[in-house]
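Here is what each chain is made of, one letter per residue.
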Amino acid sequence: MTVKKNLAAATMLAGTMTALSFMSAGAAQAQGALVMYCGVQEEWCRAMTTAFERETGIKVSMTRKSAGEVYAQVKAEAANPRADIWWGGTGDPHMQAAEEGITDEYKSPKMGELQDWAVRQWEQSKGRTVGIYSGALGFGYNTELAQSKKIGEPKCWADLLKPELKDEVQVADPNSSGTAYTLLATIVQIMGEDKGFEYLKALHKNVNQYTKSGAAPAKAMALGETTAGIAFMHDIVTMVVDKAPVKVVAPCEGTGYEIGSMSIIKGAKNLDNAKKFYDWALTADAQKLGAEAKSYQVPSNKNTPIPPQAPKLNDIKLINFDFAKYGSSAERKRLLSKWDNEVKNLP
Ligand code: PLP
């Protein structure tokens, strides 16, 4: 009897709690909430969150993750999405998500203000992702360490294979990091797949650590924890601006670049707010926040001034990066598993 009573009370309590939690979720939505997964540097993610909250009164719950990690999370949550908007990070996992139908189509009234490359990203994804910034891949080195270890100035991708750089190069893991996937796709496009994988295997001998996040090698170089690091050039520029003894290199063979992207999650619970954020994030004013947060990409709104610190894309030998191919679900999965099997697990 007592057990039954307790059970009944517990059931009532659980029912009340469920109702309360539904009410509070509903109330949060009514007040205006937005759940954002953010793929750029934490500082810029926070600046965007704060400015949008101030402008709209919509409360943003933001989580920063690397590009491949956001993709994996959005995919895992697809049946019951937690996030509304995915802002930033390299375009490839956004393209993959678009192809897999886990993000939604949207045409912003701001499309007319965007650079052609940003619109092309939207067209290639059938309206499911849009370009918000662009930046070139490169590498850098700590000039003090290079001098003390008598390592000559590396200028080309080929220089990173030199024996004197053994255990002196840091780069991220392409499974988690959009930066490192851009490296994988870049090397394969410059050298061809067979030679490209030979290069990555040889590079592995000089890699001291595959980090989770793409910008970590830039920070490690600045701190003197690694002599060389592969990262987006704008992420290395951030270290130079902070007066670290680091030099940025645009590799002599040419290099790839990213189109940082934004997508609305399919089934977003705060869809109207996701669209509000999307439109706002494409404005010239919102895009100025990047440089203010020391992120020196090229913005996609034609009216946003290009930060003077941003690496000049016209002066860099950029490859004709095939975003559709390397952002396709099959190609991305194939290359990542080949890298896992043939490179990562080498001694
Ligand atoms: N940081 C900045 C400023 C970026 O533009 C990007 C890519 O868009 C990243 C980091 C990449 O992050 P990750 O390589 O960790 O996915």
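Since the structure is predicted, the reported quantities are computational estimates derived from the model, not experimental observations.

Reading the values: rules and limits
Residues take numbers from 1 onward in each chain, read along the sequence in its written order. Confidence filtering applies because this is a predicted model: local features only for residues at pLDDT of at least 70, side-chain atom pairs given and counted only at 80 or more, and all residues used for totals across whole chains, interfaces and linings. Just so you know, side-chain values use all the structure's heavy atoms and leave hydrogens and water out. Two aromatic rings from Phe, Tyr or Trp, using only the six-membered ring of Trp, form a pair when their centres are within 6.5 Å; if the ring planes differ by under 30 degrees the pair is stacked, by over 60 it is edge-to-face, and anything between is tilted. To sort residues, take the accessible area from a 1.4 Å probe on protein chains only and compare it with the maximum for the residue type: under 20% means buried, over 50% means exposed, and anything in between is partly exposed. For a Lys NZ or an Arg CZ to count as sitting over a ring, it must be within 6 Å of the ring centre and within 35 degrees of the ring normal. Where helices and strands are cited, they refer to DSSP runs of H or I of at least four residues and of E of at least two residues respectively, numbered from the N terminus. Contacts were defined at the residue level, with two residues in contact if any of their heavy atoms lie within 4.5 Å. For this text, the term disulfide refers to a pair of cysteine sulfurs within 2.5 Å. What makes a salt bridge here is a side-chain nitrogen of Lys or Arg within 4 Å of a carboxyl oxygen of Asp or Glu, nothing more. The definition of a nonpolar core used throughout is a set of buried Ala, Val, Leu, Ile, Met, Phe, Trp, Tyr and Cys residues joined through side-chain atoms within 4.5 Å. Note: domain ranges come from an automatic or database domain assignment. A simple way to read buried area is as the amount of 1.4 Å-probe accessible surface that goes missing from two parts once joined, with both sides added. Gly counts as polar in this scheme, as do all residues outside two lists: the nonpolar Ala, Val, Leu, Ile, Met, Phe, Trp, Tyr, Cys and Pro, and the charged Asp, Glu, Lys and Arg. Where helices are involved, their axes are fitted lines through C-alpha atoms of the stretch in contact, as for all axes, and angles between N-to-C directions lie from 0 to 180°. Crossing handedness is read from the near helix: turned anticlockwise from the far helix by less than a right angle, it gives a left-handed crossing, and turned clockwise, a right-handed one.

Enquirer: So what exactly am I meant to see when it comes to the packing of aromatic side chains here?
Expert: How two aromatic rings sit relative to each other is set out by the distance from centre to centre and by the angle between their planes. Considering all chains together, one arrives at twelve aromatic pairs under this definition. Between F321 and F323, the ring centres sit 4.6 Å apart and the planes meet at 25 degrees, which makes this aromatic pair stacked. This pair shows no difference in class: F321 is buried, exactly as F323 is. The ring of Y181 carries R332 above its face, with NZ or CZ at 5.0 Å from the centroid.

Enquirer: Is there a simple way to think about helix α3 (residues 67–76) in this case?
Expert: Structural remark: α-helix, 3.6 residues per turn; residues separated by three or four positions point the same way. The buried fraction of α3 is high, at seven of ten residues. For α3, the complete set of buried residues consists of A67, G68, E69, V70, Y71, Q73 and V74. Looking at the buried positions of α3, the neighbouring elements they touch are β1 (33–38), β3 (85–87), α4 (91–99), α7 (178–191), β10 (257–265) and α14 (329–344).

Enquirer: Just to check I follow, could you spell out the state of the cysteines for this structure?
Expert: A covalent bond bridging the sulfur atoms of two cysteines is what the word disulfide describes. This structure, assessed with the given rule, holds two disulfides. A sulfur-sulfur separation of 2.1 Å characterises the disulfide bridge that pairs C38 with C45. Handedness of the C38-C45 disulfide follows from its S-S torsion of about -90 degrees: it is left-handed. Side by side, C38 and C45 carry an identical accessibility label, which is buried.

Enquirer: It is not clear to me how the pattern of salt bridges should be interpreted in this structure. Could you clarify?
Expert: Pairs can form between side chains of opposite charge once their charged atoms are near each other. Under the counting rule described, the total for this entry stands at 19 salt bridges. Between K288 and D285 there is a salt bridge, with the nearest N and O atoms lying 3.1 Å from each other. With K288 and D285 both in helix α12 (residues 284–292) and three residues apart, this pair spans about one turn of that helix. Given the relative accessible area of 36%, K288 is considered partly exposed. Bridged by salt links that share partners, the residues E193, E331, R334 and K338 form one connected network.

Enquirer: Before we go on, may I ask you to explain unusual backbone geometry in this structure?
Expert: Glycine aside, a negative phi is what most residues show, and trans is what most peptide bonds show. Here D167, not a glycine, exhibits a phi torsion of approximately 60 degrees, which is positive. Tracing the backbone shows D167 in the loop between α6 (143–148) and β6 (169–172). Classification of D167 as partly exposed rests on a relative accessible area of 42%. The residue K243 is not glycine, and still its phi comes out positive at about 70 degrees. In this structure, K243 sits in the loop between α10 (233–241) and β9 (246–249). Taking the relative accessible area as the measure of exposure, K243 reaches 73% and is therefore exposed.

Enquirer: Looking at this structure, I do not really get the nonpolar core. What am I missing?
Expert: For soluble globular proteins, nonpolar side chains are generally found buried alongside one another. In this structure, W87, M262 and F277 are the most contacted members of the largest nonpolar core, which totals 73 residues. Ranked by residue count, the leading element in this core is strand β5 (residues 130–142), at seven residues. Excluding residues that lie within four positions of it along the chain, F277 makes contacts with L34, M36, M48, F52, I85, W87 and M262.

Enquirer: Looking at this structure, I do not really get the domain arrangement of the protein. What am I missing?
Expert: Here the protein is partitioned into domain 1 (7–134 + 258–307) and domain 2 (135–257 + 331–344). Inter-centroid distance (C-alpha atoms) of domain 1 to domain 2 is 28 Å. Taken together, the 18 residues of domain 1 in the interface contact 23 residues of domain 2. Summed over both sides, the interface of domain 1 with domain 2 buries roughly 1600 Å², with 49% coming from carbon and sulfur. In this structure, the connection of domain 1 to domain 2 is made through three salt bridges. For R332, the salt bridge goes to D92, with nearest N and O atoms at 3.0 Å. Contributing elements (two or more residues each) for the side of domain 1 that touches domain 2: α3, α4 and β10. A breakdown of the residues in the side of domain 1 that touches domain 2 according to their chemical character gives five nonpolar, seven polar and six charged.

Enquirer: For this particular structure, what's the right way to read the packing of helix α2 (residues 42–56) against α12?
Expert: The relative placement of two packed helices is expressed as an angle between their axes plus a distance between the axes. Closest axis-to-axis distance for the α2/α12 pair is 9 Å, and the angle between their directions is 145 degrees. Note on packing geometry: the crossing formed by α2 with α12 is right-handed. Every residue of α12 that contacts α2 at W44, A47, M48 and A51 is listed here: A286, L289 and G290.

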